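Per-entry structural report
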Amino acid sequence: MTEDLSPAERAIERTTRHLDARSLRALAHPLRLQLLNSLRRGGPATASQLGKELGESSGATSYHLRQLAEHGFVEDDPEHGKGRERWWRAVPETINFNVRNVDQNDPEIRGASDVFLHELASTHYRETASWVADRDRWRDTPWEEAGNFSDMTLYLSAAELTELSARLLALIAEYDTREEAQEGQREVRVHLHALPVHREART
């Protein structure tokens, strides 16, 4: 219940869309996820602009943008849509996917879950690899050591992992107070991975 949440957690909840089976099926397509990610990070664009950016035809991007719009993930941008081309923008919300909210016994839903999670993992990989390839850009600047690129192993119960994830998300939310960068700020991507591991014992 939202009344049991902290102020930071309530702020997250107010702007969070929880995927159900219908919206998951609509979103679980690699190009649609790339389009949504591009609009969320790069701002409004036309289907043609997105097609050039992603190496797709404008017909393909236009079709998938309309599908995203039908399910409420993107919308028309009236501030830009004054010419012949239609401008799109992402709906400002956080997307949450909890596998317990959909029927994992349905092969179609299970397939959609796999596509969604694999594309999310691929996006995180691409962004991390891009930072590695571009790290000379930050050399001899305060940003060179400002980030964090680390991993660690903990031994936790399922309840402790749930608590840890919630506390980390609430802490991050305290810094998420502006829609645009202020002086001295840059766009920063935060990837949070806290995943149980299955490891076979050595013999």
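Residues numbered from 1 in each chain as written. Predicted model: local features only at pLDDT ≥ 70, side-chain atom pairs only at ≥ 80, totals over all residues. Heavy atoms only, no water.

Quick look at the overall build of the protein
What counts here: Strands are runs of DSSP state E lasting at least 2 residues, helices are runs of H or I lasting at least 4, and numbering of each runs from the N terminus. To sort residues, take the accessible area from a 1.4 Å probe on protein chains only and compare it with the maximum for the residue type: under 20% means buried, over 50% means exposed, and anything in between is partly exposed. A contact between two residues is defined here by any heavy atoms of the two lying within 4.5 Å. In this description, accessible areas are obtained by the Shrake-Rupley approach with a 1.4 Å probe, and a residue is regarded as covered only by the protein chains that are shown.
If you tally the helices and strands in the protein, you get 7 helices and 5 strands. In the protein, the order of α-helices and β-strands from amino to carboxyl end is α-β-α-α-β-α-α-β-β-β-α-α. By the burial criterion, 23% of the 203 residues in the protein qualify as buried. Counting only contacts in the protein whose residues sit at least 6 apart along the sequence, the fraction spanning at least 24 positions is 61%. With the model as given, the accessible surface of the protein reaches about 15,300 Å², and the carbon-plus-sulfur share is 49%.

Some words on a nonpolar patch on the surface
Rule in force here: Exposure above 30% relative accessible area and no salt bridge define the residues that can form patches, which grow by joining like charges within 9 Å and nonpolar side chains of Val, Leu, Ile, Met, Phe, Trp and Tyr within 5 Å. The salt bridge criterion pairs a side-chain nitrogen of Lys or Arg with a carboxyl oxygen of Asp or Glu, the two atoms within 4 Å.
Side chains of Trp-143, Leu-169, Ile-172, Val-188, Val-190 and Leu-192 sit close together on the surface and give an oily, nonpolar patch of about 510 Å² of accessible area. Looking at the element boundaries, Leu-169 is found in helix H7 (residues 158-175).

Describing the packing of aromatic side chains
For clarity, the cut-off: Only Phe, Tyr and Trp rings take part, Trp by its six-membered ring, and two of them pair if their centres are within 6.5 Å. Stacked means planes under 30 degrees apart, edge-to-face means over 60, and tilted covers everything else.
The tally for this structure, following the rule as stated, stands at 2 aromatic pairs. Arranged with centres 5.3 Å apart and planes meeting at 55 degrees, the rings of Trp-131 and Phe-149 form a pair that is tilted. Residue Trp-131 is located in helix H6 (residues 107-133), and its partner Phe-149 is located in the loop between H6 and H7; the two are separated by 18 residues in the primary sequence. Here Phe-149 falls in the exposed class, since its relative accessible area comes to 59%.

Quick look at the pairing of strand S4 (residues 87-90)
Let me state the cut-off plainly: We treat two strands as partners when DSSP finds at least two bridges between them.
Side chains Trp-88 and Ala-90 project from S4 onto a buried face, and the interleaved Trp-87 and Arg-89 project onto a face without burial. Pairing of strand S3 (residues 74-76) with S4 involves 3 bridges; the strand directions are antiparallel. In the sheet register, Asp-76 faces S4, and the bridge partner there is Trp-88.

Let's talk about the layout of surface pockets
Filter applied, for reference: Using a grid of 1 Å spacing that covers the protein atoms alone, one calls a set of points a cavity when a 1.4 Å probe fits there but cannot get out, and a pocket when the set is open and has protein on both sides within 12 Å along at least five of seven lines; lining residues are those with an atom within 4 Å of a point. Grid points are joined across faces, edges and corners, and a volume is the space filled by probe spheres set on the points. Residue polarity follows a fixed list, in which Ala, Val, Leu, Ile, Met, Phe, Trp, Tyr, Cys and Pro are nonpolar, Asp, Glu, Lys and Arg are charged, and the others, Gly among them, are polar.
In this structure, the second largest pocket spans a volume of roughly 180 Å³. Of all elements in the fold, only helix H3 (30-42), helix H4 (47-54) and H6 reach the threshold of two or more residues within the lining of the second largest pocket. When residues in the lining of the second largest pocket are grouped by element, the largest group, 5 residues, is from H3. Its residues assigned to classes, the lining of the second largest pocket comprises 1 nonpolar, 5 polar and 4 charged.

Thoughts on the packing of H3 against H4
Spelled out, the test is: Axis lines are fitted to C-alpha atoms, over the contacting stretch for helices. Their N-to-C directions set the angle, which ranges from 0 to 180 degrees. Angles below 35 degrees are treated as roughly parallel, those above 145 as roughly antiparallel, those between 65 and 115 as roughly perpendicular, and all remaining angles as oblique.
Running from amino to carboxyl end, H3 crosses H4 at an angle of 110 degrees, the nearest separation of the two axes being 11 Å. In terms of orientation, H3 lies roughly perpendicular with respect to H4. Packed against H3, whose contacting residues are Leu-31, Gln-34, Leu-35, Ser-38 and Leu-39, the element H4 presents Leu-50, Glu-53 and Leu-54 at the interface. When grouped by side-chain class, the residues that make up the contact of H3 with H4 number 5 nonpolar, 2 polar and 1 charged.

Quick look at the sheet that holds strand S2 (residues 45-46)
Taken together, the 3 strands give an open sheet; going across it, the order is S2-S4-S3, and neighbouring strands pair in antiparallel fashion. At either margin of the open sheet sits one strand with a lone partner, and together these are S2 and S3. Contacts from H3 reach S2, S3 and S4 within the one sheet, and its direction differs from that of S4 by about 85 degrees.

What about the nonpolar core?
Inclusion rule: Nonpolar cores are built from buried Ala, Val, Leu, Ile, Met, Phe, Trp, Tyr and Cys residues. Side-chain atoms within 4.5 Å join them into one set.
In this structure, Leu-19, Leu-24, Leu-27, Leu-39, Leu-65 and Phe-116 are the most contacted members of the largest nonpolar core, which totals 23 residues. Contacts of Leu-39, omitting those with residues within four sequence positions, involve Pro-44, Ala-45, Leu-50, Leu-65, Val-74, Trp-88, Arg-89 and Ala-90.

The quantities given are spatial measurements derived from coordinates; they are silent on function.
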